[in-house]
Amino acid sequence: MEKKDLRFLFDTYRRYWVLLLFALIGSILESASLAGLAYIIKNVVDDVFVDRSYEKLIVIITVLIGLAVAKQTGFFLKSYLYPLVIYRALNVLRERIYRKILRAHPSFFRKNPPGDLISRATTDVERFGEISQAIGINIVTETLTVAGIIGVLIYRDWKMFLIFLFAVPVLALALNYFGEKRKKYSKKLQESFSDYIQHLNQVISGIEVVKLFREKIFYRIFHRINSQLYQRQKKNRFYEVVYLSSVEVIAYVATAGIIFYGGIRIIKGEITAGDFFSFLGGVLILVNSLQTLQRGAIALKAISPVIDRIRYVLDIPEEEDRGIRFEHLKDKIQYRNVSLKLGENQILKSINLTVRKGEKIGIVGLTGSGKSTLVKILPALITEYEGQVLIDGTELRQFSVSSLREKIGMVSQDVFIFNDTLRNNLLIAKPDATDEELIEALKKAKADFVFKLENGLDTVLGEKGSRLSGGERQRISIARIFLKDPDILIIDEATSALDVETEEYVIQEIQKHFYSKTIFMITHRLKLLDIADRVVVMENGEIVEQGTREELMKQKGTFYRFCMLSNS
């Protein structure tokens, strides 16, 4: 195991040193009891079976009971406290991972598929706990047991112990070879689990698309992923089983040599039967402990790739929430020569735009023209732009991210509804909102359908709002904006799923509620432009036209053609 992995283990568990100390005491008690059992076998054979001493029988029985109590006490401390430490550590680890994901820079999620992150945060964390438990319970206890038994064996007969030592180099070679194989396939196995979860997540999220196209294509993809997972599970298990079998064969050969040599020495009268059976009992305990220890050692090899995958999440770059606090827009927002390139794609090209406080800006253009990207810069969802975005003369990146998002509200056609109650889905916009405020916001969004739900505000809406239609989800999203009451409002196709009557009602409510606020409206629905003071037309990442609706219609340029296409 590499130093960085040891450091990770140490940092993860060091705060629980008191519990670990008592668990270690339990391991020592259990190991000492096993060594004691191996030691008194001589007395059982020589003093009871050979000499037939009643007094010594009573003493031996008393010692046996004492050893049994000590062993079970140690077993309890070890088997309860080690896992308890791991459960506590995993609890903290899951919180750290969750916090990292929440605080990650938005650009991180554009480069990393969610299924892989879910796999790292679930499967890998659980695997880390399983291996840690094997290390704590098996390696520590069995190491102490091996040490104690070796002491008993050397004390009983060091000559016979030398026979057992011949097996050690062979065991070491087997551990090194199979351990490296297990490490290799452990990494591949975790990667396959990640691919499996990622594919399943995508299929479930896009089940409607899957059903509308050929399901056989998805079966083929799944079959390939699932087959690869099976093959890696098979190889991982193969190397573990072959290693354990080879260890057992080596141990049996060594034991047979001890029995042969010990039998000769008994015949010659060099040792008693009690000495031999004490030694043999110790060897059997030692073989069992070595097998368990080797299993733990193999698990220890497998933990490195798991730690690497977890550390990848813990090392996610976080957003820096520092800088000037944005209170509210006083004068204007200016885009100065703003360009943006993501990968090989040029999204925005030399954007220059000034928006005054309280102005309502309509943004139109064909799909892929850069409309959404332009407005996502304001709440710092995209920060990789070149040029300047000035708010009241201060560059956007100088403001703290949290203060910007407190004052900027965004509602889009891609509405996310949590698998929670309607109330909790609204409270994310204003955690201290009263029921009266929630109901008022729902009315303004014409989401009166919610009052017919069986449990009202406490109705669970299902995964991604599965109990609601697209239009109903959009109205819930719009209700959130009324609750948040931002200083700057961004509407990105937020009424695309609404009928004409509902859309007109919602637009009027937005106009009344946000009459003094600055609004950016991206739309293909020309009705929404009725409340726009100015229209900005985008094409291929550039602003090609801007002005009032009437001015642009007179020019008979891009906006005019857009309107003609929309009305045709």
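Look a little higher up for the structure.
Model, not experiment: these values are computed from the prediction.

Novice: Provide a residue-level description of helix H16 (residues 500–513), including the pertinent values.
Specialist: In this model H16 runs 20 Å from its N-terminal to its C-terminal C-alpha over 14 residues, within 8% of the 20 Å that 1.5 Å per residue would give. Along H16, the residues classified as buried are Thr502, Glu503, Val506, Ile507, Glu509 and Ile510. Mapping the buried residues of H16 onto a view down its axis gives an arc of 165°, with all of them on the same face. Facing away from the buried side of H16, by more than 90 degrees, are the exposed residues Val500, Glu501 and Lys512. In this structure, the buried residues of H16 make contact with helix H14 (435–444), helix H15 (470–484), strand E7 (488–492) and strand E8 (518–522). By the N-cap criterion, in which a side-chain oxygen at the helix start approaches the backbone nitrogen of a residue two or three places on, H16 is capped by Asp499, the distance to Glu501 being 3.1 Å.

Novice: Talk me through the layout of surface pockets; I want residue IDs and the actual numbers.
Specialist: There is about 410 Å³ of room inside the second largest pocket. Along its surface, the second largest pocket is lined by 17 residues, and Leu9, Tyr13, Ser132, Ile135 and Gly136 are the ones closest to its centre. Those elements giving two or more residues to the lining of the second largest pocket turn out to be helix H1 (3–13), helix H3 (54–103) and helix H5 (114–156). Broken down by element, the residue count for the lining of the second largest pocket peaks at six residues, all from H5. Taken together, the residues of the lining of the second largest pocket sort by class into 13 nonpolar, three polar and one charged.

Novice: Describe the pairing of strand E4 (residues 386–391), naming the residues involved and giving the relevant values.
Specialist: Sheet topology places strand E1 (residues 332–342) next to E4; five bridges connect them, and they run antiparallel. By the bridge assignment for E4, Gln334 is matched with Leu390. By the bridge criterion, two bridges tie E4 to strand E5 (residues 394–395) in an arrangement that is antiparallel. Of the residues in E5, the one forming a bridge with Leu390 is Glu395.

Novice: Lay out the sheet that holds strand E10 (residues 542–547) in plain terms, naming residues and giving numbers.
Specialist: Pairing is mixed across the open sheet formed by six strands, whose spatial order is E6-E7-E8-E3-E9-E10. The open sheet has two edge strands, strand E6 (408–412) and E10, and neither has a second partner. Pairwise comparison of adjacent strand axes, ignoring direction, gives a mean angle of 15° for this sheet. Its contacts with the sheet place H15 against E6 and E7, and it is angled at close to 170° to E6.

Novice: Let's hear about the side chain of Thr518: which residues, and what values?
Specialist: Along the chain, Thr518 turns up in strand E8. Judged by its relative accessible area of 1%, Thr518 is buried. Of the polar contacts made by the side chain of Thr518, one reaches the backbone nitrogen of Gly358; its length is 2.9 Å. Those residues in contact with Thr518 that sit more than four places away from it in its chain are Leu329, Val355, Arg356, Lys357, Gly358, Glu359, Asp487, Ile488 and Leu489.

Novice: Could you give an account of the packing of aromatic side chains, with specific residues and numbers?
Specialist: According to the stated counting rule, one finds eight aromatic pairs in the structure shown. Note on Phe8 and Phe128: the rings are 5.6 Å apart at their centroids and 75° apart in plane angle, and the pair reads as edge-to-face. On the criterion of sequence distance, the pair formed by Phe8 in helix H1 and Phe128 in helix H5 is long-range, its members being 120 residues apart. Grouping residues by exposure puts Phe8 and Phe128 together as buried. Aromatic pair Phe108 and Phe109: ring centres 5.5 Å apart, planes at 85°, arrangement edge-to-face. Take Phe108: its relative accessible area is 9%, and that puts it in the buried class. A relative accessible area of 36% means that Phe109 is categorised as partly exposed. Note that Arg397 overlies the ring of Tyr385, its terminal NZ or CZ placed 3.8 Å from the centroid. Positioned above the aromatic ring of Tyr505, the side-chain terminus of Lys446 is 5.8 Å from the ring centre.

Rules behind the numbers
Each chain has its residues counted from 1, following the order in which its sequence is written. At least 70 in pLDDT is required for a residue's local features to be given in this predicted model, at least 80 for side-chain atom pairs to be given and counted, and no such filter applies to totals for whole chains, interfaces and linings, which use all residues. With hydrogens and water excluded, all non-hydrogen atoms of the structure serve as input to the side-chain values. Only runs of H or I of at least four residues qualify as helices and only runs of E of at least two qualify as strands under DSSP, and these elements are numbered from the N terminus. Multiplying 1.5 Å by the helix residue count minus one yields the expected span of that helix. For the exposure calls, accessible area comes from a 1.4 Å probe over protein chains only, and a residue counts as buried if that area is under 20% of its type's maximum, exposed if over 50%, partly exposed in between. Each direction from the helix axis to a C-beta atom contributes to the arc, which is the arc of those directions. A contact between two residues is defined here by any heavy atoms of the two lying within 4.5 Å. Residues adjacent in sequence count toward polar contacts only when both atoms are side-chain atoms; beyond that, a polar contact is any pair of N or O atoms within 3.5 Å, and within protein one must be able to donate a hydrogen and the other to accept it. Grid spacing is 1 Å over the protein atoms alone, the probe is 1.4 Å, and a cavity is where that probe fits but cannot get out, while a pocket is an open set with protein on both sides within 12 Å along at least five of seven lines and lining residues have an atom within 4 Å of a point. Grid points are joined across faces, edges and corners, and a volume is the space filled by probe spheres set on the points. Nonpolar residues are Ala, Val, Leu, Ile, Met, Phe, Trp, Tyr, Cys and Pro. Charged residues are Asp, Glu, Lys and Arg, and all others, Gly as well, are polar. A pair of strands counts as paired when DSSP detects no fewer than two bridges linking them. Think of each axis as a best-fit line through the C-alpha atoms, taken over the contacting stretch in the case of a helix, with angles from 0 to 180 degrees between the N-to-C directions. For Phe, Tyr and Trp, rings pair up if their centres lie within 6.5 Å, where Trp contributes its six-membered ring, and each pair is then called stacked (planes under 30 degrees apart), edge-to-face (over 60) or tilted (otherwise). Two thresholds decide whether a charge sits over a ring: the Lys NZ or Arg CZ must be within 6 Å of the ring centre and within 35 degrees of the ring normal.

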